[in-house]
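# Coordinate analysis (summary)
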Amino acid sequence: MKESTEIMRIGRVATLKEYRGQQCGKKVLQSLENLAVSQNYKKILIHAEITAARFYEKLGYIQIGDIYEEDQILCITLFKNI
């Protein structure tokens, strides 16, 4: 997928352990999606740790590409059209 000014790229997002399960990550992603829409982006790419992929999929993101290592952590890229 070619990077362009229509694609917002988000790095890995993390929630502190004591805040997990309180919808914090979901709220951050929704805010970033709203920002992307307001800035006329058409797609969001996220580099996520493999362990977080299911979280993003629940929010409508789709895995693309192969698993790769980033900062010595297994990751996957996900995208969402907005």
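Throughout, residues of each chain are indexed from 1 in the direction in which the sequence is written. Two thresholds apply to this predicted model, a pLDDT of at least 70 for residue-level local features and 80 or more for giving and counting side-chain atom pairs, whereas whole-chain, interface and lining totals are computed over all residues. Side-chain numbers come from the whole structure's heavy atoms, not from hydrogens or water.

One non-glycine residue, asparagine 40, adopts positive backbone phi at about 65 degrees. Position of asparagine 40 among the secondary structure elements: in the loop between α1 (24-38) and β2 (43-49). One non-glycine residue with positive phi stands out, namely glutamine 72, at about 65 degrees. For helices the rule is a DSSP run of H or I covering at least 4 residues; for strands it is a run of E covering at least 2, with both sets numbered from the N terminus onward. In this structure, glutamine 72 sits in the loop between β3 (62-70) and β4 (73-81).

Turning our attention to a nonpolar patch on the surface. Note on patches: the residues involved have over 30% relative accessible area and no salt bridge, like charges join within 9 Å, and the nonpolar side chains Val, Leu, Ile, Met, Phe, Trp and Tyr join within 5 Å. Residue burial considers only the protein chains on display, and all accessible areas are found by Shrake-Rupley using a 1.4 Å probe. Each salt bridge in this description consists of a side-chain nitrogen of Lys or Arg and a carboxyl oxygen of Asp or Glu lying within 4 Å of one another. Among the surface-exposed residues, Ile50, Ile67 and Leu74 lie close enough to one another that they form a single nonpolar patch of about 270 Å² accessible area. Within the fold, isoleucine 67 resides in strand β3.

All right, on to the packing of aromatic side chains then. Paired rings are identified among Phe, Tyr and Trp, the last through its six-membered ring, by centres lying within 6.5 Å, and are further divided according to the angle between planes into stacked (under 30 degrees), edge-to-face (over 60) and tilted (the rest). Considering all chains together, one arrives at two aromatic pairs under this definition. Ring geometry for phenylalanine 55 versus tyrosine 56: centroids 5.0 Å apart, planes at 70 degrees, classification edge-to-face. With a relative accessible area of 33%, phenylalanine 55 lands in the partly exposed category. The structure contains a cluster of three or more aromatic residues connected by ring pairs, namely Phe55, Tyr56 and Tyr61. To sort residues, take the accessible area from a 1.4 Å probe on protein chains only and compare it with the maximum for the residue type: under 20% means buried, over 50% means exposed, and anything in between is partly exposed.

On to the sheet that holds β4, then. With respect to topology, four strands assemble into an open sheet ordered β1-β2-β4-β3, the strand pairing being mixed. The open sheet has two edge strands, β1 (7-10) and β3, and neither has a second partner. Averaged over all adjacent pairs, the angle separating strand axes in this sheet is 20 degrees, with direction ignored. Only strands joined by at least two bridges in the DSSP assignment are considered to pair. Alignment of β1 against β2, held across four bridges, turns out to be parallel. Lines fitted to the C-alpha atoms define the axes, with helices restricted to the stretch that makes contact. Angles between their N-to-C directions range from 0 to 180 degrees.

In this structure the tally under the stated criterion is four salt bridges. Among the ionic pairs, arginine 12 bridges to glutamate 49, the shortest N-O distance being 3.6 Å. On the criterion of sequence distance, the pair formed by arginine 12 in the loop between β1 and α1 and glutamate 49 in strand β2 is long-range, its members being 37 residues apart. A salt bridge links arginine 12 to glutamate 70, with the nearest nitrogen and oxygen atoms 2.8 Å apart. On the criterion of sequence distance, the pair formed by arginine 12 in the loop between β1 and α1 and glutamate 70 in strand β3 is long-range, its members being 58 residues apart. In this structure arginine 12 comes out as partly exposed when scored by relative accessible area, which is 30%. Sharing partners across several salt bridges, the network here consists of Arg12, Glu49, Glu70 and Asp71.

Fair warning: the whole summary comes from geometry, so function is off the table for now.
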